[in-house]
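Close look at the chain arrangement
What follows is the residue order along each chain.
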Amino acid sequence: MEVNRGRVVLGRVVRGGPLAHAHYLGKMRVSGQLGHSIRRRASKSMADAAISSGDVLKVIHQEIDECRICASSVQGLLKPASMKRGEAGKVMIVGKGPGRTEVQEGKAFSGPAGKKLEQWLSRCVPNPGEVRAGIYFTSVTKCLSPDPSFPILAKNCWKFLDRQIDAVRPALIISLGQEAYEALQVTDDSYAHAVCRLYDSSESMLFTRFGCHYKLMVWPHPSGLNRWLNEQSNMARLETSFEIVRSEMGVIS
Ligand code: SF4
């Protein structure tokens, strides 16, 4: 059992099937601060479940819009007035953070990388005419800062991503780029190994921080500056991942 960043990460302890999980859970005793933390999250999740995920998200979005925590320690912080993040469906996309276009337009993934992402999604979604339908878009950080400040923002902002996943409870999360993949902590695999692979949190964790298991597809960042996308062999991996995502979306839709 591992306690990470003050939150519970019961990961990487059991790699067997459901029986192995049951066996381990039967023996596990969680107490003290850790137990309190788990119970508090469980009761919060039950309370949140009593109201719709849309209502919970509205509250979270308002708190994000009002948050100025990083402004005191980061120079040049750019904060969108608000952000359109799409629909709370069964698929969630998690990027690194908003770019300048997103900050100006107040719409997640509205810049050039977002256009590329939409092209990728059009290869996977049931209706290519509505690539954003049923998908909730978010990022590790909700504001933009000079790159060296990213770890500060990510540390302060994690609580919002945590709550967004808890509210949406997606069946499939697609992470974009290394920072988003590492923030989700589903496996110990290096990003280079993980990219374009599908993971199932139930195979590496007893339970997640969010009270639900989900599948994770690790996509590269769709930025035009991402040189990984220039390699033909990498593009072949990405093509294969489109088929996997299309199949997953077919199962959960
Ligand atoms: S990055 Fe997140 S924690 Fe920092 S000011 Fe913006 S919303 Fe708040």
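Criteria and cut-off values
- Residues numbered from 1 in each chain as written.
- Predicted model: local features only at pLDDT ≥ 70, side-chain atom pairs only at ≥ 80, totals over all residues.
- Helix = DSSP H or I, 4+ residues; strand = E, 2+ residues; numbered from the N terminus.
- Contact = placed C-beta atoms within 7 Å.
- Near = placed C-beta within 6 Å.
- Nonpolar A, V, L, I, M, F, W, Y, C, P; charged D, E, K, R; others polar.
- Buried ≥ 20, exposed ≤ 12 C-beta atoms within 10 Å, placed from the backbone.
- Pairing = 2+ DSSP bridges.
- Core = buried A, V, L, I, M, F, W, Y, C linked by C-beta atoms within 7 Å.
- Axes fitted to C-alpha atoms, helices over the stretch in contact; angles between N-to-C directions.
- Parallel < 35°, antiparallel > 145°, perpendicular 65-115°, else oblique.
- Left-handed = near helix turned anticlockwise from the far one by under 90°.
- Expected span 1.5 Å × (residues − 1).
- Arc of directions from axis to C-beta.

1. Some remarks on the overall build of the chain
When its secondary structure is counted, the chain shows 10 helices and seven strands. Taking as baseline every contact in the chain between residues at least 6 positions apart, the subset at least 24 positions apart corresponds to 70%.

2. Thoughts on the site of the ligand
Around the ligand sit Ile64, Cys67, Arg68, Ile69, Cys70, Lys79, Thr141, Lys142, Cys143, Leu153, Asn156 and Cys157, and that is every residue in its neighbourhood. Among the residues forming the shell around the ligand, the class breakdown is seven nonpolar, two polar and three charged.

3. Observations concerning the environment of Ser52
Within the fold, Ser52 resides in the loop between helix 2 (32-50) and helix 3 (53-66). A residue is classified by how many C-beta atoms lie within 10 Å of it, and Ser52, with 12 of them, is exposed.

4. Section: the pairing of strand 7 (residues 215-219)
Among the five residues in strand 7, five count as buried, and that is most of the element. Summarising the sheet, strand 6 (residues 198-200) and strand 7 pair through three bridges and their orientation is antiparallel. Among the inter-strand pairings, Tyr199 is bridged to a residue of strand 7, identified as Leu216.

5. Observations concerning the nonpolar core
In this structure, Met92, Val94, Ile173, Ile174, Leu216 and Val218 are the most contacted members of the largest nonpolar core, which totals 50 residues. For this core, the leading source of residues is helix 6 (residues 150-168), giving seven residues. Val94 has contacts with Thr138, Ser139, Val140, Leu161, Ile173, Ser175, Leu176, Ala180 and Leu184, leaving out every residue within four places of it along the chain.

6. Comments concerning the packing of helix 3 against helix 6
Following both chains from N to C, one finds helix 3 and helix 6 inclined at 165 degrees, their axes separated by 9 Å at the closest point. Between helix 3 and helix 6, the interaxial angle falls into the category roughly antiparallel. For the element pair helix 3 and helix 6, the recorded crossing hand is left-handed. Along the contact surface, helix 3 presents Ser53, Val56, Leu57, Ile60 and Ile64, while helix 6 presents Phe160, Arg163, Gln164, Ala167 and Val168. Of the residues assigned to the contact of helix 3 with helix 6, the class counts are seven nonpolar, two polar and one charged.

7. Topic: helix 3
The periodicity of an α-helix, 3.6 residues per turn, causes residues three or four positions apart to be oriented the same way. Taking 1.5 Å of rise per residue, 14 residues should cover 20 Å, and helix 3 covers 20 Å from first to last C-alpha, within 8% of that figure. Those residues of helix 3 that fall on the buried side of the exposure criterion are Val56, Ile60 and Ile64. Take helix 3 and look down its axis: the buried residues cluster within an arc of 80 degrees, on one side only. Pointing more than 90 degrees away from the buried face of helix 3 are the exposed residues Gly54, Asp55, Gln62 and Glu66.

8. Section: helix 10 (residues 232-252)
When the terminal C-alpha atoms of helix 10 are compared, their 31 Å separation across 21 residues agrees well with the 30 Å that a helix rising 1.5 Å per residue should span. Taken together, the buried positions of helix 10 are Ser241, Val245 and Met249. Taken down its axis, helix 10 places every buried residue within 80 degrees of arc, on the same side. Opposite the buried face of helix 10, at more than 90 degrees from it, the exposed residues are Gln232, Ser233, Ala236, Glu239, Thr240, Glu243, Ser247, Gly250 and Val251. Buried residues in helix 10 make contact with strand 3 (91-95), strand 5 (172-176) and strand 7.

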